[in-house]
Amino acid sequence: MDLDPVLLSRLQFAWVIGWHILLPAFTVGMASYIAILEGMHLVTGRSVYLRISMYWIRIFSVAFGVGVVTGVIMPFQIGTNWSRYADTAGNVLGPLFAYEALTAFFLEAAFLGVLLFGRKLVPPWAHFVAALMIASGTLFSSFWILSANSWMQTPAGYEIVDGRFFPKDWFAIVFNPSFPFRLTHTVTGFFVTTGFVVVAVAAWLMRKGRSVEEGRVMLSMTLWLLTFLVPLQIFLGDQHGLNTAAHQPAKVAAIEARWDTQPSFPLTLFAIPDPANETNRYAIEVPYLGSLILTHSLDGEIKGLKEFKPEDRPPVAIPFFAFRIMVGIGFLMLAVVAASWWLRYRGRLFDSPWFFWLCMAMGPLGFIAVLAGWTTTEVGRQPWTVYGMLRTADSMSPSLVGGDVLVSLLAYMVVYLIIYPSAVLIAAGLVRKGPALAPETVAPIESGRPSAPINIELVQEGKTL
Amino acid sequence: MNALNFVPVWTLILGAGIFFYVLLDGFDLGVGMLYNFMPDTRSRNLVMNAIAPVWDGNETWLVLGGVALLAAFPLAFAILIPALYFPILVMLLALVFRGVAFEFRFRDAEHKTFWDHGFFYGSLIATMAQGMMLGAFIQGFKVEGRVFAGGPLDFLTPFSVLTGIALVFGYGLLGAGWLVLKTEDDIQARARRYGCVCLAGVVIAIVVVSLWTPLASDAIFRRWFSWPNILILSPVPVATALVAWATWRALGGASQSGGFIGAVGLFALSYIGITISLFPMIVPHHYTLMQAASPPGTQAFLLVGTLFLLPVILFYSGWSYWVFRGKVRADVGYH
């Protein structure tokens, strides 16, 4: 059979993780946002925070549900399609995945039930703690899974015995060279993504003239947050890039489509990379800028792709374009944040229709940036699963043939193409419904000022159940 | 590296983790199957809300089982998971439909029937797939060196089909026990009836599997029927018969929790039975727990955190169950 099981397995992994990552990109930030809103409501007693929180909790629960079921699929991929990798690297990576489940998944799952359904059953502070635990869980999860991913990019703290990785220094493994940069850059990216979703929804509500109070709070609060996070994210991205240049030179060469090693190299804004002839076509370049960005000096140099054997080079065009999409969106976001400063200064933040349209258009862009960034780093790691040590082609389950993988890939495609559009439609419906005018269900607790007697009565009611 | 041997403690942790998964998601999946036999929307809503706050935590034990196997016994993970390529695929996709149905069914009125079917068939197919994996695991796989060397359909045998059906009845029994615990009146009466049907299926399945397994494998036959094992192990079948009888009485009587406890007892005894048959193999016929274990450095690193985290997890998961204790209320959950 001509079907290549390695290529199909890679496509399958890209498919399931590409869809999956969209959910943490939203739920990691949203969990923290909900925890902050619940906390603000608890402290200030203002019901607007509760209304906003309840609005987003409904949307969060749809995203989280899909995130859970698509997340369960991920660890099994390592075994079904990449069992050689599991056997070779399991001694080192297994505990990182296990710690993710132990510190994050149980925490999120146990408290999600309370967050969604427990408002009437537990005291307000316990409900806030549930929100806080879910937010912590999403961050613990990010910590461990990005540690594992970073180890694959910049392996450290191991020794090789009989062709398999054995742990030598767990601190070096967990805090491997690219981990601090990847963790901060990714989590900030998730927060920014969530931020622009909130801004887009707030702008939509305000443009419609609905739930204006909620819209104002969401828009103002989130734009302040983005004021810090977007510049921070660009700075972190730069630092991450320097780290990649130090540890994964071939990836940086691919990202910048540099074929030759040369000092004072330009920045290629656009080109069609031509790997067969080891050159770029239709290149548009800015002199010296490449050196300045990647080495922070005008005469710095990085290794060109020609320094690496052809079989050790990553694909060029995919990281090259994906990186440019990510960076382009990053600067677009910065422009929107800068516009918000100007409008705020002029006192026009809440009545500029063009800005509402701009915010709405920005809503999905964070997801595209996250996907583009992920594509850059993962395709740029090729042809390795563990960088420089274990080739992707040597990682696959030996028992697989192309036909098997084709069947499973098609099955995943069909199911995801049913689930994701449904989730988007359902979430869009929840967005359109807008925040409830009067808080739902039990008014005494949810009016923002829980009066003690009623509260106690409800708790007791819970106890008698 | 050092002389300490962590394999026994990891065997216990992994064994407990898998058992928790089977019990907890077992009753979720069982409820998902019985869901289809509920007469109207009101009872379906109630039945779904009986598990809505807890299913997610229950399914997490599956993830823990997978990644703990990878961490503590990576060689077993690297052989068993690819050997079960298609049943795992089918299980995962079925669990997707089961899982999203909770959210989607209540929020997507236009396609409610579709998500209803997703919930039922998702639960049924995931259960069947898990049961077949168990059967295939007991029978063993073709292994060369450190890799699975068989074909993608090796898992499909009459025995694995039998264990698949057995688990459908088993989870159905757990689900019925849970519904008796969580519901009242007409829905509870239904749950009792369905529980009795499932119990009958479970008893037949236990008998057939208990005869089939030793007859198909000399090693397992010797394990159970050689002297003095036959004497030492005889309490297992005797206890199974007694628990089955007590479960029957509880389901037919007025007990609220007896059916569920009895179902748990039957699962525990079956689990012990399988352990007796296979111990100490983790890849039957090929690798023992010791041989498949990761190095002590790996097991120790994970053990330190696990010994702290597992009690914490059990504590707050228990708290979450406690919040939703008692009969399921129409006003708590999706509506």
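All of the points below concern the structure found in this document.

Criteria and thresholds
Residues numbered from 1 in each chain as written. Chains lettered and ligands numbered in written order. Predicted model: local features only at pLDDT ≥ 70, side-chain atom pairs only at ≥ 80, totals over all residues. Heavy atoms only, no water. Helix = DSSP H or I, 4+ residues; strand = E, 2+ residues; numbered from the N terminus. Rg over C-alpha atoms; globule rule 2.2 N^0.38 Å. Buried < 20%, exposed > 50% of the residue type's maximum accessible area, 1.4 Å probe, protein only. Contact = heavy atoms within 4.5 Å. Areas by Shrake-Rupley, 256 points an atom, 1.4 Å probe, with all protein chains shown as cover. Lys, Arg positive; Asp, Glu negative; His and termini not counted. Charge placed at Lys NZ, Arg CZ, Asp CG, Glu CD. Expected span 1.5 Å × (residues − 1). Pairing = 2+ DSSP bridges. Salt bridge = Lys/Arg side-chain N within 4 Å of Asp/Glu carboxyl O. Axes fitted to C-alpha atoms, helices over the stretch in contact; angles between N-to-C directions. Parallel < 35°, antiparallel > 145°, perpendicular 65-115°, else oblique. Nonpolar A, V, L, I, M, F, W, Y, C, P; charged D, E, K, R; others polar.

As for the overall build of chain B
Then, number 1: Counting its regular elements, chain B contains 14 helices and four strands.
Then, number 2: In terms of overall dimensions, chain B is globule-like: its C-alpha atoms have a radius of gyration of 20 Å, near the 20 Å expected for 335 residues.
Then, number 3: Across the 335 residues in chain B, those meeting the buried criterion constitute 59%.
Then, number 4: For chain B, the proportion of contacts with a sequence separation of at least 24, taken over those separated by at least 6, is 81%.
Then, number 5: For chain B, the exposed area adds up to about 13200 Å²; of that, 73% sits on carbon and sulfur atoms.
Then, number 6: Averaging the positions of the 18 positive and the 16 negative side-chain charges in chain B gives two centres separated by 7 Å.

As for helix α3 (residues 55-72) of chain B
Then, number 1: Counted at 1.5 Å a residue, the expected span for α3(B) with its 18 residues is 26 Å, and the 26 Å between its end C-alpha atoms agrees.
Then, number 2: Along α3(B), 18 of the 18 residues are buried, which leaves the element largely enclosed by surrounding structure.

Details of the pairing of strand β1 (residues 158-161) of chain A
All names here are of chain A.
Then, number 1: The pairing of β1 with strand β2 (residues 164-167) spans four bridges and is antiparallel. For Tyr 158, the partnering residue across the bridge sits in β2 and is Pro 167.
Then, number 2: The antiparallel hairpin formed by β1 and β2 contains two residues in its connecting segment, where Asp 162 sits at a positive phi of about 50°.

Quick word on the pattern of salt bridges
Residues and elements named next belong to chain A.
Then, number 1: For the structure on display, the rule yields 20 salt bridges over all chains.
Then, number 2: As a salt-bridge pair, Arg 51 and Glu 213 come within 2.9 Å of each other at their nearest N and O atoms. Taken together, the positions of Arg 51 in helix α2 (residues 47-80) and Glu 213 in helix α7 (residues 212-247) put the pair 162 residues apart, joining distant regions of the chain.
Then, number 3: On the accessibility criterion, Arg 51 (12% relative accessible area) is buried.
Then, number 4: For Arg 51, the salt bridge is made with Glu 214, and the minimal N-O distance between the two is 2.7 Å. Of this pair, Arg 51 sits in helix α2 while Glu 214 sits in helix α7, and the two are 163 residues apart along the sequence. Judged on exposure class, the residue Arg 51 and its partner Glu 214 are both buried.
Then, number 5: Here the residues in one salt-bridge network are Arg 46, Arg 51, Glu 213 and Glu 214, joined through shared partners.

Quick word on the pairing of strand β4 (residues 267-274) of chain A
Residue and element names in this part refer to chain A.
Then, number 1: Sheet topology places β4 next to strand β5 (residues 279-286); six bridges connect them, and they run antiparallel. If you follow Pro 273 over to β5, its bridge partner there is Asn 280.
Then, number 2: Counted between consecutive antiparallel strands, the loop separating β4 from β5 contains four residues, among which Glu 278 sits at a positive phi close to 50°.

Digging into the packing of α2(A) against helix α5 (residues 85-107) of chain B
Then, number 1: Contact pair α2(A) / α5(B): the axes reach a minimum separation of 10 Å and the direction vectors enclose 175°. Between α2(A) and α5(B), the crossing angle belongs to the class labelled roughly antiparallel. Across from A:Arg58, A:Ser61, A:Val62, A:Val66, A:Val69, A:Val72, A:Ile73, A:Phe76 and A:Thr80 in α2(A), the residues of α5(B) making contact are B:Tyr85, B:Ile88, B:Leu92, B:Leu95, B:Val96, B:Gly99, B:Val100, B:Glu103, B:Phe104 and B:Arg107.
Then, number 2: Counted by class, the contact of α2(A) with α5(B) contains 13 nonpolar, three polar and three charged residues.

These figures capture arrangement, not role.
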